[in-house]
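Chain by chain, the residues run as shown.
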Amino acid sequence: MVRAVTPNLDSIDVEEVRRSFANIDDMVYLNTGTEGLAPRPVLDKLIELTTYCETKGQASIDVSRALIETARERVAQFLGVESSTIGFAENATEAVNWVASSLDFNPGDEVLLSLNEHPAMNFPWTYQRNLGRVSLNWFEISSDPDETLANIRDGITTRTRLIALSHVERHQGRRVPAKRICELAADAGVLVLLDGAQALGQFPVDLGDLNVDFYAGNGHKWLCGPRGTGIFYAKSERLPLLTQRHVGVGSTETPFDWDRAGGPTLRQAARRFEYGTRDRATLGAMDATIDWIEGLGFDAIQSRMAALAAIARNRANERGWHVSSPACWEAGSALVSFQVPGADGFALRKYLAEERNTWISHNFAGEVRVSTHYFNTVEEIDYAFEEMDFYLKQRRAA
């Protein structure tokens, strides 16, 4: 059961927080759903580790590897699981590909995929279908959690091997009933892969409690971490189902777990996907990322985000613009989408970015999407909507 959140703009000292974000006053940034902004403590750790690794060469390896393992422990604790179940990818897309390309399919196996997915999910699975490894079936995510569950239930067949969908749908920001989906799948003997790119950092995610089989996420959106910090989770008993397509040094416990006759002996841990030379500085900075989030506190983060999202919805409603995102925080998120009559979402987004240094996004339905994070202000939301009004006025006068 998702715990109710009380919207509260004052749950965070936003002026104090904004001092930790460089250049934040030089633009209006309402686009964390695409890429987040890193606060100064995370940047300082990233720069410090990058300088250390790039000036020390091999002398930095032991220290920086130890920092990655500390970051892995922190991320695992943050997500309520053991560190052996966490692997670091380049991004959520890579983590999805690890599952899609590595899961051992039998002839006739089928993946049940949401119709509302990001290319990070669509591309890997349709590619595997085109290779002839798996068939695909589709279902619709609804704003009504019960309807979403019913759609999934109706889509499961005797051939269904895995259900793949986003924890938070990226277009309208609808939050799926993830735990109930995992329970439904378990009863049907089906695996679940959740894409948490739009979930991690918006609300607490306990992967152990969800009992999900595989989870993909990243640090560069709502967690406000560095780019290149993908997060991969595989339940311990599910890891043997993955016959990974690429291996190298890092896939084994030591570089010497190999012989010419038998080949490599892979780690029995999710980090076996981390082969070859990695960006150790970037991954090491995830420790500071978790420090930052936990320092603010998720109760405070959610309260302010819920309040800001409600204000964005209200501003659209006041103008009579159709809001397609859920009105309830517990069913939705800080992704707020709406139709601006007389404007194409892509063209409006482009105008705001190029002419007003105001950053939003657009979605597949021609709508615009505003992403309000805890560091945003009511004044920024009002400014963005006033600029949309001005854009419409210009178009009418043209």
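Our structure's up above, just so we're on the same page.
For every chain, the first residue of the written sequence is number 1, and numbering continues from 1 along that sequence. With the structure being a predicted model, the display of local features is reserved for residues of pLDDT at least 70 and the display and counting of side-chain atom pairs for 80 or more, all residues being used for whole-chain, interface and lining totals. Excluding hydrogens and water, the side-chain figures rest on all heavy atoms present in the structure.

## Things to note about the sheet that holds strand β14 (residues 368–371)
Note on sheets: strands pair through backbone hydrogen bonds, and any given pair is parallel or antiparallel.
Inference 1: When DSSP locates at least two bridges between a pair of strands, those strands are taken to pair. Put simply, DSSP H or I for four residues or longer makes a helix, DSSP E for two residues or longer makes a strand, and each gets a number counted from the N terminus. Taken in spatial order, the three strands line up as β11-β14-β13 in an open sheet, and their pairing is antiparallel. Each end of this open sheet is capped by a strand with a single partner; those strands are β11 (335–338) and β13 (361–362).
Inference 2: Of the pairings in the sheet, the one linking β11 to β14 comprises four bridges and is antiparallel in character. Bridge pairing links V336 to V370 in β14.

## Focus on helix α11 (residues 298–318)
Inference 1: Between the first and last C-alpha of α11 there are 30 Å, a value that for 21 residues agrees with the 30 Å anticipated at 1.5 Å per step.
Inference 2: In terms of burial, α11 is a largely internal element, 16 of the 21 residues being buried. To estimate how far a helix should extend, the number of its residues minus one is multiplied by 1.5 Å. Between buried and exposed lies partly exposed: a residue is buried under 20% and exposed over 50% of the maximum accessible area for its type, with that area taken using a 1.4 Å probe on protein chains only.

## Notes on the sheet that holds strand β3 (residues 110–114)
Inference 1: Taken in spatial order, the seven strands of this open sheet run β2-β8-β7-β6-β5-β3-β4, and their pairing is mixed. The open sheet is flanked by β2 (86–89) and β4 (135–139), the only strands paired with a single partner. Strand after strand, the sheet turns through a mean of 20° between neighbouring axes, direction not considered.
Inference 2: Here strand β7 (residues 214–218) pairs with strand β8 (residues 230–234) via five bridges, running antiparallel. Bridging from a neighbouring strand, Y215 pairs with Y233 of β8.
Inference 3: Should any heavy atoms of two residues lie within 4.5 Å, those residues are considered in contact. To obtain an axis, a line is fitted to C-alpha atoms, over the contacting stretch when the element is a helix, and the angle between two such axes runs from 0 to 180 degrees between their N-to-C directions. Contacts from helix α3 (residues 61–79) reach β2 and β8 within the one sheet, and its direction differs from that of β2 by about 115°.
Inference 4: Each of β2, β5 (160–166), β6 (191–195), β7 and β8 is contacted by helix α4 (residues 92–102), which is oriented at about 160° to β7, the strand it contacts most.

## Examining the environment of L392
Inference 1: As for its placement among the helices and strands, L392 is situated in helix α13 (residues 378–397).
Inference 2: Among the residues examined, L392 registers a relative accessible area of 7% and is labelled buried.
Inference 3: Ignoring anything within four residues of it in the chain, the contact list for L392 reads W321, V340, P341, G342 and A343.

## Remarks on the side chain of R72
Inference 1: On the secondary structure map, R72 appears in helix α3.
Inference 2: By relative accessible area, which is 2% here, R72 ends up buried.
Inference 3: In protein, a polar contact means a hydrogen-donor-capable atom and an acceptor-capable atom, both N or O and within 3.5 Å, with residues adjacent in sequence counting only if both atoms are side-chain atoms; elsewhere, any N or O pair within 3.5 Å suffices. A polar contact is formed between the side chain of R72 and the backbone oxygen of I86, at a distance of 2.9 Å.
Inference 4: Leaving out residues up to four positions away in the same chain, R72 has contacts with S83, I86, G87, F88, R271 and E274.

## A word on the packing of helix α12 (residues 345–356) against α13
Inference 1: Interaxial distance between α12 and α13 falls to 11 Å at its minimum, and their mutual angle equals 110°. The angle between the axes of α12 and α13 places the two elements in the roughly perpendicular class. Taken as a pair, α12 and α13 cross one another with a handedness that is right-handed. Residues A347, L348, Y351, L352 and R356 of α12 form the contact with α13, whose participating residues are Y383, E387, M388, F390, Y391 and Q394.
Inference 2: Among the residues making up the contact of α12 with α13, the classes are represented as eight nonpolar, one polar and two charged. Roughly parallel refers to an angle under 35 degrees, roughly antiparallel to one over 145, roughly perpendicular to one between 65 and 115, and oblique to any angle outside these ranges. Handedness of a helix crossing follows the sense of rotation of the near helix relative to the far helix, less than a right angle counterclockwise being left-handed and clockwise being right-handed. Under this grouping Gly is polar, as are all residues other than the nonpolar Ala, Val, Leu, Ile, Met, Phe, Trp, Tyr, Cys and Pro and the charged Asp, Glu, Lys and Arg.

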